[in-house]
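# Per-entry structural report
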Amino acid sequence: MSTKRIAVTPGEPAGIGPDLVVQLAQQAWPAELVVCADPELLTSRAKRLGLQVTFRPYQPNQAPKPQEAGTLTIAPFKLVSESICGQLDEQNSTYVVETLRYAGEKNMSGEFDAVVTGPVHKGIINQAGISFSGHTEFFAHQANCPDVVMMLATPGLQVALVTTHIPLAYVAKAITRQRLQHIIKILHADLISKFGIVSPKIYVCGLNPHAGEDGHLGREEIDVIIPALNELREEFQMNIVGPLPADTLFQPKYLQDADVVLAMYHDQGLPVLKSQGFGKSVNITLGLPYIRTSVDHGTALDLAGTGKADIGSFVCALNKAIELSSKN
Ligand SMILES: NC(=O)c1ccc[n+]([C@@H]2O[C@H](COP(=O)([O-])OP(=O)(O)OC[C@H]3O[C@@H](n4cnc5c(N)ncnc54)[C@H](O)[C@@H]3O)[C@@H](O)[C@H]2O)c1
Ligand SMILES: N[C@H](C(=O)O)[C@H](O)COP(=O)(O)O
């Protein structure tokens, strides 16, 4: 099998992303890791953490080689302003976004086989005047895929979301029959094609407390969710269970045969997953024309440059990207 070429974006320069990338370089990898970042930033962070890293320039015309321990391949980008650990600086937001744009473009053109993203700070990017709600939405927009699916996976549990980074006040209106069906079709197709599950079993949460209690605690289940799921079952014979009350769905009785739980919104599903698997979970974007994985944590500004950040989720994200891209 040919060696894969994986783009790695460390994300927010003042956060733990650069620390974790130089820590990743301490081991060998069976893929070439093309880190899209300022080499001076990585050098200074490695020095601060007492780590050695040799940087090799990215050479697109040469075949990818497995990454040797102690090395990283670099596609260089220049910070706008020197980065200080833990201190956000909106001047560096264009740098962050340009690394993502480059990684997305090179994946779409087929030059890279996947992208693994470190954490960005959504707030500082918006403060710089760049509208940005998350990598998921950024890459979806760039690839002209209006609907993609955010799924986080940890051993024993996979949770996907119908809505992602929108205010809670907009969630109910965003859950339309069309959106729900589109999301489930992407989820179903990718679980088959990328994860090799023959007939994915999808458990679906209700939106309202106790899945609406027969309409007495909200009507979205009756008016939107149940008809949408029934159509999918009838037309495509999909193995869908629900909507079930979200508070009692996440128990072994259901989870033992669930391939995925579909939550209606971000904080309905992700706290459950992260409480079970923070540090060993990976965020995967389904429905993109390429493989994209990410860490389960944010920028952890409090830990930048301290050497205390846990590398576990970044390792999971890289391994998952290598595994999924090797199936292509
Ligand atoms: N993949 C991403 O780009 C991503 C994911 C989640 C959050 N974020 C963004 O990160 C920013 C900060 O978010 P937050 O404060 O809610 O979450 P956070 O994950 O940055 O921090 C939450 C807590 O977890 C700790 N923590 C985080 N990562 C850790 C690690 N690897 N090892 C040890 N401890 C760790 C932090 O020290 C903090 O106490 C926000 O802008 C948010 O949108 C980005
Ligand atoms: N929702 C993600 C999480 O909680 O881990 C996180 O915000 C990152 O999302 P993007 O991959 O879209 O940036």
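Conventions and cut-offs
- Residues numbered from 1 in each chain as written.
- Chains lettered and ligands numbered in written order.
- Predicted model: local features only at pLDDT ≥ 70, side-chain atom pairs only at ≥ 80, totals over all residues.
- Heavy atoms only, no water.
- Pairing = 2+ DSSP bridges.
- Helix = DSSP H or I, 4+ residues; strand = E, 2+ residues; numbered from the N terminus.
- UniProt positions renumbered as here; feature names shortened; annotations may be inferred.
- Contact = heavy atoms within 4.5 Å.
- Polar contact = N/O pair within 3.5 Å; in protein donor to acceptor, adjacent residues only side chain to side chain.
- Salt bridge = Lys/Arg side-chain N within 4 Å of Asp/Glu carboxyl O.
- Buried < 20%, exposed > 50% of the residue type's maximum accessible area, 1.4 Å probe, protein only.

### Some words on the pairing of strand β9 (residues 239-244)
Of the pairings in the sheet, the one linking strand β8 (residues 201-205) to β9 comprises four bridges and is parallel in character. Counted as the bridge partner of Cys205 is Leu244 from β9.

### Section: the UniProt feature "binding site: substrate" (unreviewed entry) in the chain
UniProt marks His135, Thr136, Lys274, Asn283 and Arg292 with the feature "binding site: substrate" (unreviewed entry), using the numbering shown here. Residues within four places of His135 in sequence aside, it is in contact with Leu100, Thr117, Gly118, Val120 and Arg292. With respect to the secondary-structure elements, Asn283 resides in strand β11 (residues 282-286). Those residues in contact with Asn283 that sit more than four places away from it in its chain are Met150, Met151, Leu152, Arg292, Thr293, Ser294 and Val295.

### Section: the UniProt feature "binding site: a divalent metal cation" (unreviewed entry) in the chain
Listed under "binding site: a divalent metal cation" (unreviewed entry) in the UniProt record, and renumbered for this structure, are His165, His210 and His266. Judged by maximum C-alpha separation, these annotated positions cover 102 residues in sequence and are scattered in space, the widest gap reaching 23.5 Å. Position of His165 among the secondary structure elements: in the loop between β7 (157-161) and α6 (168-174). Ignoring anything within four residues of it in the chain, the contact list for His165 reads Lys122, Ser133, Gly134, Glu137, Met150 and His266. At 2.9 Å, the side chain of His165 and the backbone oxygen of Ser133 are in polar contact.

### Looking at the pattern of salt bridges
For the structure shown, the criterion picks out 13 salt bridges. Of the charged contacts, one joins Glu32 and Arg5 as a salt bridge, the two residues approaching to 2.5 Å between their closest N and O atoms. With Glu32 in strand β2 (residues 32-37) and Arg5 in strand β1 (residues 5-9), this pair connects stretches of sequence that are 27 residues apart. We classify Glu32 as buried; its relative accessible area is 8%. The shortest N-O distance in the salt bridge between Lys106 and Glu111 comes to 3.4 Å. Among the residues examined, Lys106 registers a relative accessible area of 22% and is labelled partly exposed. By relative accessible area, which is 25% here, Glu111 ends up partly exposed. One network of salt bridges, in which partners are shared, links Lys320, Glu323 and Lys327.

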